[in-house]
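Below, each chain spelled out in residue letters.
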Amino acid sequence: MNKHLSAIMFCTCMLLSQAAVATTLPDWLVQVDEQKHQQPEQMLQLLQQHHAELENLAPEVQANGYYQQAALMKALGRHQEQLEAAEQGLALLGKEASLLKVDLLYQLGFAREMQTDYPAALQHYLAGMTLAEQLENEKYLLLGQINHAAMLSLQNNDQQALALLKDTYQRAQQLNDEEVLAEVMAELGLLYTSLGYDEEAVSLLQQALAQYQQLGWPKNQITVLYNLARTYSYLDRYELALQTYNQMLQQSQQLQDHVNLYHAYSGLAIASMDAGQHDAALSYMDKAEQYLPLLQSSAHVATHYYEKALMYKKLQQVSLAQQQVLLAEQSLNKDGLREDVASRLAIWHLKAQLFAEQGEFEKAYHQLYDFVAEYQDMRNRENELAFEQIRAGFEHERQQQQTRLLQQDNELKALRLKQAERDRQVQFLWLAVLGCSTLVLLILLLWQLTRKRTHYTATGADVSGQTG
């Protein structure tokens, strides 16, 4: 029997050892994982060099490679490629429950968010959060809450987003995780800006910037600088805004980050226009336009033309402004962005103003009529989305409750097993006591019998002697 058990244990150990070897990450993939935030361009090149090798490895390792690729594409602003990599990684994992799957769900959600597919993004974020909770990983759950709060803010549910981020911030402090703290401070600072809590926003964004500097994540630093500069612009602190945009520009040039070079130049253009520096604004916008073909988000392209149209409108160059509005509309009609109603409404409102300034009041009226009809439709959709979000929230809470009940049931079963084991031990103890007591009594009884027998024998011998 012992030989059979030993053989089974040996075979099991061998299988586990082989599985561990099969899912061990190669050194180059470990390097990509460790340095993807510090050197995303270089790590993408390294990943591409080993792409053929990756295809021959275990599915879990391949899925990890696709996650790294998705994370790198996110940092580089290539969101369509980020989406494709995340989908390939999830397909390899199937129904397996793992933190890697949570990572891929969050990547897929962010890619959908950047493509303005907000319902799908929310679905992926909530799925990732549910899985993170099942795996009892606090860090991944908090990262999911940050994503969820961003979606709530996009849907104008700012108070819910604020409550969720405050909860995340407190729990991140207890967890004492530098990465989560940086992420939540950056998102909370951005939300405070939209709510008009400008001083709090500046403080949080500066803390997030310092945290990212400590982590050595240059892309995230650039993003925070951009949001910080925009906040300064909202506060009419144009000098500080221009200084911060220039700082962002310098860091983007050092990294040869062309996507963020676009955002830096466009930010400088908008801030310069607000500060009354019109010539500088148009010059910066022309420089930004050189990098426009590199943007994979049609929504960003549409925003570029819209902002340029606003500049021409301020300069009373109505014809040029209308040309930019037309380009913005064409961009929105690409890649399924017809659902980006907020951008469409902004463009239509500007278009109506431009018609009115040219004296084409009938066209302006029809454009405003379309604007009002589309606005009402948007509000109806928002209400439907709010109900869907409430339903998703209830579903998430139901799954949480099921998980808690399952944990409680498992704990109760464990307690019962412990109690049964304790009862068995007590029973064994009493049996041992009873056995020992019986043995002692038996020994005493034998001793008594032996003693009496000896006594009777001695008495019989004395009587025989006296008779003789």
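Fair warning: this is a prediction, and the values are worked out from it, not measured in the lab.

**Q** Honestly, the overall build of the protein chain in this entry has me stumped. Any pointers?
**A** Each helix and strand counted, the protein chain has 20 helices and zero strands in total. Going through the 468 residues of the protein chain one by one, you find that 41% of them count as buried. Taking the intrachain contacts of the protein chain between residues at least 6 apart in sequence as the baseline, contacts between residues at least 24 apart amount to 58%. Accessible surface, the protein chain as shown: approximately 26500 Å² in total, 54% of it carbon and sulfur.

**Q** What is the right way to read the nonpolar core from this model?
**A** If you look at soluble globular proteins, the nonpolar side chains tend to sit buried side by side. Residues Leu165, Tyr212, Val224 and Tyr265 are the most contacted members of the largest nonpolar core, which totals 72 residues. Ignoring sequence-local partners within four residues, the contact set of Leu165 consists of Ile146, Ala149, Val184, Glu187, Leu188 and Leu191. Judged by nonpolar contacts, the second largest core, of 15 residues, contains Ala71, Leu100, Leu104 and Leu105.

**Q** Hey, could you run me through helix α7 (residues 99–114) in this one?
**A** Residue pairs spaced three or four apart in an α-helix point in one direction, given the helix's 3.6 residues per turn. Its 16 residues give α7 an end-to-end C-alpha distance of 23 Å, which sits within 8% of 22 Å, the value for a rise of 1.5 Å per residue. Counting buried positions over the 16 residues of α7 gives 13, a clear majority of the element. One or two residues past the end of α7 sits Thr116, with phi positive at roughly 60 degrees.

**Q** For this particular structure, what's the right way to read the pattern of salt bridges?
**A** Proximity of charged atoms lets side chains of opposite charge pair with each other. Applying the stated rule across the entire model yields 17 salt bridges. A salt bridge links Asp274 to Lys314; the shortest N-O distance between them is 3.2 Å. Of this pair, Asp274 sits in helix α15 (residues 258–274) while Lys314 sits in helix α17 (residues 298–314), placing them 40 residues apart in sequence. The partly exposed category is assigned to Asp274, whose relative accessible area is 35%. When salt bridges with common partners are traced through the structure, they connect Glu41, Lys219 and Asp257 into a single cluster.

**Q** Sorry if this is basic, but what is going on with α15 here?
**A** Compared with the 24 Å implied by 1.5 Å per residue over 17 residues, the 24 Å span of α15 between its first and last C-alpha is a close match. Counting buried residues in α15 gives 14 out of 17 residues, a clear majority hidden from the surface. With a side-chain oxygen positioned 3.4 Å from the backbone nitrogen of Val259, the residue opening α15 is Asp257. In the stretch just after α15, Gly276 is the one whose phi turns positive, near 85 degrees.

**Q** How do you make sense of the packing of aromatic side chains when you look at a structure like this?
**A** For any two aromatic rings, the description comes down to two numbers: the centre-to-centre distance and the angle of the planes. Taken as a whole and judged by the stated rule, the model has six aromatic pairs. The rings of Tyr265, Tyr284 and Tyr291 are connected pair by pair, giving a single aromatic cluster. The ring of Phe110 carries the charged tip of Lys74 above its face, separated from the ring centre by 4.5 Å.

**Q** Hey, could you run me through the side chain of Asn260 in this one?
**A** As for its position among the elements, Asn260 is in helix α15. At 2.6 Å, the side chain of Asn260 and the side chain of Asp257 are in polar contact. Filtering out sequence-adjacent residues up to four positions away, Asn260 remains in contact with Lys219, Ile222, Met248 and Ser252.

**Q** Whenever I open this one, the confidence of the model for the protein chain confuses me. Can you help?
**A** Low-confidence regions, as indicated by low pLDDT, have predicted coordinates that should not be scrutinised in detail. Predicted confidence across the protein chain gives a mean pLDDT of 83, with 86% of residues reaching 70 or more. Note on residues 1–22: pLDDT under 50 across the span, and two contacts to partners over four residues away in sequence or across chains.

**Q** Just checking my understanding: could you explain the packing of helix α5 (residues 59–75) against α7 for this structure?
**A** Between two packed helices, both the angle of their axes relative to each other and the distance between the axes serve to describe the pair. With their axes 10 Å apart at the nearest point, α5 and α7 run at an angle of 35 degrees to one another. At the point where α5 passes α7, the crossing takes the left-handed sense. Packed against α5, whose contacting residues are Glu60, Ala63, Asn64, Tyr66, Tyr67, Ala70, Ala71 and Lys74, the element α7 presents Leu100, Asp103, Leu104, Gln107 and Phe110 at the interface. Taken together, the residues of the contact of α5 with α7 break down into eight nonpolar, two polar and three charged.

**Q** It is not clear to me how unusual backbone geometry should be interpreted in this structure. Could you clarify?
**A** Among all residues save glycine, negative phi is the norm, and among peptide bonds the norm is trans. Within the chain, Glu136 stands out as a residue other than glycine whose phi angle is a positive 55 degrees. Mapped onto the elements of the fold, Glu136 is located in the loop between α8 (118–134) and α9 (138–154). Note on Glu136: relative accessible area 61%, which makes it exposed.

**Q** Please explain a nonpolar patch on the surface as it appears in this structure.
**A** Taken together, Leu439, Leu442, Ile443, Leu445, Leu446 and Leu449 make up a surface patch of nonpolar side chains, about 570 Å² in accessible area. Residue position: Leu442 is located in helix α20 (residues 361–467). For Leu442, a relative accessible area of 43% puts it in the partly exposed group.

**Q** Sorry if this is basic, but what is going on with the packing of α7 against α9 here?
**A** Two elements in contact, α7 and α9, have axes separated by 11 Å at closest approach and are oriented at 15 degrees. For the element pair α7 / α9, the angle class is roughly parallel. Handedness of the crossing formed by α7 with α9: left-handed. For the pair α7 and α9, contact is made by Leu99, Val102, Asp103, Tyr106 and Glu113 and by Tyr140, Leu141, Leu143, Gly144, Asn147, Ala150, Met151 and Leu154, respectively. Looking at the contact of α7 with α9, its residues break down into nine nonpolar, two polar and two charged.

**Q** What am I meant to see in the environment of Gly65 here?
**A** Among the structural elements, Gly65 can be located in helix α5. The spatial distance from the C-alpha of Gly65 to the C-alpha of Gly89 is 7.8 Å, given a sequence separation of 24 residues. Gly65 has contacts with Leu29, Leu47 and Leu54, leaving out every residue within four places of it along the chain.

**Q** Would you mind going over the environment of Thr223 with me for this structure?
**A** If you trace the backbone, Thr223 turns up in helix α13 (residues 218–234). Take Thr223: its relative accessible area is 42%, and that puts it in the partly exposed class. Put simply, Thr223 and Met248 are 25 residues apart on the chain and 8.4 Å apart in space, counted from C-alpha to C-alpha.

Rules and cut-offs
- Residues numbered from 1 in each chain as written.
- Predicted model: local features only at pLDDT ≥ 70, side-chain atom pairs only at ≥ 80, totals over all residues.
- Heavy atoms only, no water.
- Helix = DSSP H or I, 4+ residues; strand = E, 2+ residues; numbered from the N terminus.
- Buried < 20%, exposed > 50% of the residue type's maximum accessible area, 1.4 Å probe, protein only.
- Contact = heavy atoms within 4.5 Å.
- Areas by Shrake-Rupley, 256 points an atom, 1.4 Å probe, with all protein chains shown as cover.
- Core = buried A, V, L, I, M, F, W, Y, C linked by side-chain atoms within 4.5 Å.
- Expected span 1.5 Å × (residues − 1).
- Salt bridge = Lys/Arg side-chain N within 4 Å of Asp/Glu carboxyl O.
- Polar contact = N/O pair within 3.5 Å; in protein donor to acceptor, adjacent residues only side chain to side chain.
- Phe/Tyr/Trp six-rings, centres within 6.5 Å; stacked < 30°, edge-to-face > 60°.
- Lys NZ or Arg CZ within 6 Å of the ring centre and 35° of its normal.
- pLDDT = per-residue confidence, 0-100.
- Axes fitted to C-alpha atoms, helices over the stretch in contact; angles between N-to-C directions.
- Left-handed = near helix turned anticlockwise from the far one by under 90°.
- Nonpolar A, V, L, I, M, F, W, Y, C, P; charged D, E, K, R; others polar.
- Patch = residues over 30% accessible without salt bridge, like charges linked within 9 Å, V, L, I, M, F, W, Y side chains within 5 Å.
- Parallel < 35°, antiparallel > 145°, perpendicular 65-115°, else oblique.

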